[in-house]
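Descriptive structure summary
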Amino acid sequence: MLTLDLSKLNGFLPQDYLSSREDALREAARMLAEHNGPGGDFTGWVTLPRDYDKEEFARIQAAAKRIQQQSQVLVVIGIGGSYLGARAVVELVNSPNFNLTHKDGPAIYFAGNGLSTDAMLEVIDLIKDKDWSINVISKSGTTTEPAVAFRIFKNLLEEKYGKEEARKRIYATTDAHRGALKGLADAEGYEEFVVPDAVGGRYSVLTAVGLLPIACAGVDIVELMAGAEEAMTALAAPGQDNPAWQYAAARHALYTAGKKVEILVGYEPSFRFFGEWWKQLFGETEGKEGKALFPASVEFTADLHSMGQYIQQGERLMLETVVRFEKSRGSMEIPHDPDNVDGLNFLAGKDLSFVAEQAMRGTLLAHVDGGVPNLMLTAPGRDARSVGALIYFFEYACGLSGYLLEINPFDQPGVEAYKNNMYALLGKPGYEDKKAELEARLG
Ligand code: PA5
């Protein structure tokens, strides 16, 4: 199970920072459990690890097996909450080099998560001589980036296999009832998976949105859900011992005390996209009404040689949340060198993970001494079960934290502003007046 070390907050917060928030946390936990706080219609994720659709789960496993047998590549099309969770888990449990190391299943290429022509051309070039399938994921079914990418990849798939065979290679994950993708999937007869109504994009990694690509990448999704369920059960218990309560209270207290930025720190390169997922989770949940910690992420020790300077001595506006994995998967002994020109023989015979652990401990104290409060969350490993627990921990803590901030944690009205401007500039019917106004301003 996960453990949270709060000891390095001493001196940064008053003794009663948790007890003074206990009532608010109890109310937040109640609203999440009863689905009746602000945005309560989108809290289906709270019990998802137990109440997920078992019939659909079996179809996901069967579809993953089929894709693994039929395809050397799966192109996963989606953006935001329809992208980051799957990539985070595939990279964290497997590897950021998964597409070079995969053996039994397909390589996974992510597309439709931006509008870069060059990135799209590169994926097309990489897959052109391979057998491939598509998983297109969009809850609304109308998001521009994945919709454009799907149009392009669908045409390519149909050119390669013909319309009939292409249909069997397209898997659509979308709303159960509405949206352009739903209409297209019904008309074409694609195999469909559902983004439940009560689960918003950034909380959807444990639905078909994340599970199908994750299962295709060979990650054990039964274990992933089991880890999430363990965390769900543990974190449902109210009280000051609850690590999600502790985390939510600490970050709220630090924000109230003037901190502006929370940096999620990982020491594994495979953790990088988990940081991207976490940034969306907290950024989109809390960044409203002129409030909230700005979520950032770094990869140590690499970033100690870049951002480390700012963290140590720049403006004192941040706290750090370190995610540590108890065990490395392998071991790497540092060799003895008779010449010892580099002076490293004092490390000979030691494991590289021992060096990493001391770097982490030393950094922790240096940053605390530099005025950066540190929290440390320890997970047993990067296995599917631990990662399932980690996902649920952050989702639940984020829900609590949003309610402590007194915002609606489950909407994202700010995302619409850029979309409306983009639609207008692209000449979408209905946006004619806005287009003229924006063009005039842009000059
Ligand atoms: O969390 C969210 O709601 C967003 O990040 C969405 O996931 C993102 O905008 C993609 O939306 P959709 O799945 O409707 O294409």
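Residues numbered from 1 in each chain as written. Predicted model: local features only at pLDDT ≥ 70, side-chain atom pairs only at ≥ 80, totals over all residues. Heavy atoms only, no water.

Along the chain, the regular secondary structure elements total 17 helices and ten strands. Computed over C-alpha atoms, the radius of gyration of the chain comes to 23 Å, within 12% of the 22 Å expected from 2.2 N^0.38 for 443 residues, which places it in the range of a compact globule. Across the 443 residues in the chain, those meeting the buried criterion constitute 51%. Across the chain, contacts joining residues at least 24 apart in sequence account for 78% of those joining residues at least 6 apart. About 20,000 Å² of surface is accessible on the chain, with carbon and sulfur atoms providing 53% of the total. Of the charged side chains in the chain, 44 are positive and 61 negative; the average position of the first set lies 2 Å away from that of the second. (Helix = DSSP H or I, 4+ residues; strand = E, 2+ residues; numbered from the N terminus. Rg over C-alpha atoms; globule rule 2.2 N^0.38 Å. Buried < 20%, exposed > 50% of the residue type's maximum accessible area, 1.4 Å probe, protein only. Contact = heavy atoms within 4.5 Å. Areas by Shrake-Rupley, 256 points an atom, 1.4 Å probe, with all protein chains shown as cover. Lys, Arg positive; Asp, Glu negative; His and termini not counted. Charge placed at Lys NZ, Arg CZ, Asp CG, Glu CD.)

Another point: the environment of M225. For M225, the location among the structural elements is in helix α10 (residues 221-235). Judged by its relative accessible area of 2%, M225 falls in the buried class. For the pair M225 and G381, spaced 156 residues apart in the sequence, the C-alpha separation amounts to 16 Å. Once residues lying within four places of it in the same chain are set aside, the contact partners of M225 are L48, P49, Y52, F57, L206 and L211.

This brings us to the packing of aromatic side chains. Scanning all chains against the criterion turns up 24 aromatic pairs. With a centroid separation of 6.2 Å and 80° between ring planes, the pair formed by Y247 and F282 is classed as edge-to-face. With a gap of 35 residues between them, Y247 in helix α11 (residues 243-256) and F282 in helix α12 (residues 272-286) connect regions that are remote in the sequence. An identical accessibility class is assigned to Y247 and F282; each is buried. With a centroid separation of 5.8 Å and an interplanar angle of 75°, the aromatic rings of Y247 and F394 are classed as edge-to-face. (Phe/Tyr/Trp six-rings, centres within 6.5 Å; stacked < 30°, edge-to-face > 60°.)

This next bit is on helix α7 (residues 144-168). Here α7 is 25 residues long, yet its end C-alpha atoms lie only 24 Å apart, well below the 36 Å a rise of 1.5 Å per residue gives. The largest bend along α7 reaches roughly 115° and is located at G162. (Expected span 1.5 Å × (residues − 1). Bend = angle between axes of the 7 residues up to and from the residue.)

All told, the structure shown has 31 salt bridges when counted by the stated rule. E188 is the salt-bridge partner of R167, the closest N and O atoms lying 3.1 Å from each other. Taken together, the residues span a long stretch of sequence, with R167 in helix α7 and E188 in helix α8 (residues 180-188) at a distance of 21 residues. Judged by its relative accessible area of 24%, R167 falls in the partly exposed class. Owing to a relative accessible area of 15%, E188 belongs among the buried residues under this scheme. Two residues, R385 and E230, come together in a salt bridge whose shortest N-O distance is 2.3 Å. Of the two residues, R385 sits in helix α15 (residues 384-404) while E230 sits in helix α10, which places them 155 residues apart along the sequence. On the accessibility criterion, R385 (29% relative accessible area) is partly exposed. A single salt-bridge network, built from bridges that share partners, covers K154, E158, K163, E164, R167 and E188. (Salt bridge = Lys/Arg side-chain N within 4 Å of Asp/Glu carboxyl O.)

Looking at the ligand, there are 13 residues lining it, with S82, S138, S140, T143 and Q280 nearest. Between an oxygen atom of the ligand and a side-chain N or O atom of S82, the distance comes to 2.6 Å. With respect to the ligand, the side chain of S140 contributes an N or O atom lying 2.7 Å from an oxygen atom. Relative to its unbound accessible area of 380 Å², the ligand is 88% covered by the protein chains. Of the pockets mapped on this structure, the ligand occupies the largest pocket. (Near = heavy atom within 4 Å. Polar contact = N/O pair within 3.5 Å; in protein donor to acceptor, adjacent residues only side chain to side chain. 1 Å grid on protein atoms, 1.4 Å probe; cavity = no way out; pocket = protein on both sides within 12 Å on 5 of 7 lines; lining within 4 Å. Sits in = over half its atoms within 2 Å of the grid points.)

A few words on the sheet that holds strand β7 (residues 261-266). For sheets, the rule is that strands pair by backbone hydrogen bonds, running either parallel or antiparallel. If you trace the five strands from one edge of the open sheet to the other, you get β1-β10-β9-β7-β8, paired in mixed fashion. Each edge of the sheet is formed by a strand with only one pairing partner; in this case those strands are β1 (3-5) and β8 (294-299). Mean inter-strand twist for the sheet, computed between neighbouring axes without regard to direction, equals 20°. Relative to strand β10 (residues 374-379), β1 runs antiparallel, the two sharing three bridges. Of the residues in β10, the one forming a bridge with T3 is T378. Sitting on the sheet, helix α14 (residues 352-369) is in contact with β9 (318-325) and β10, with an inclination near 155° to β10. (Pairing = 2+ DSSP bridges. Axes fitted to C-alpha atoms, helices over the stretch in contact; angles between N-to-C directions.)

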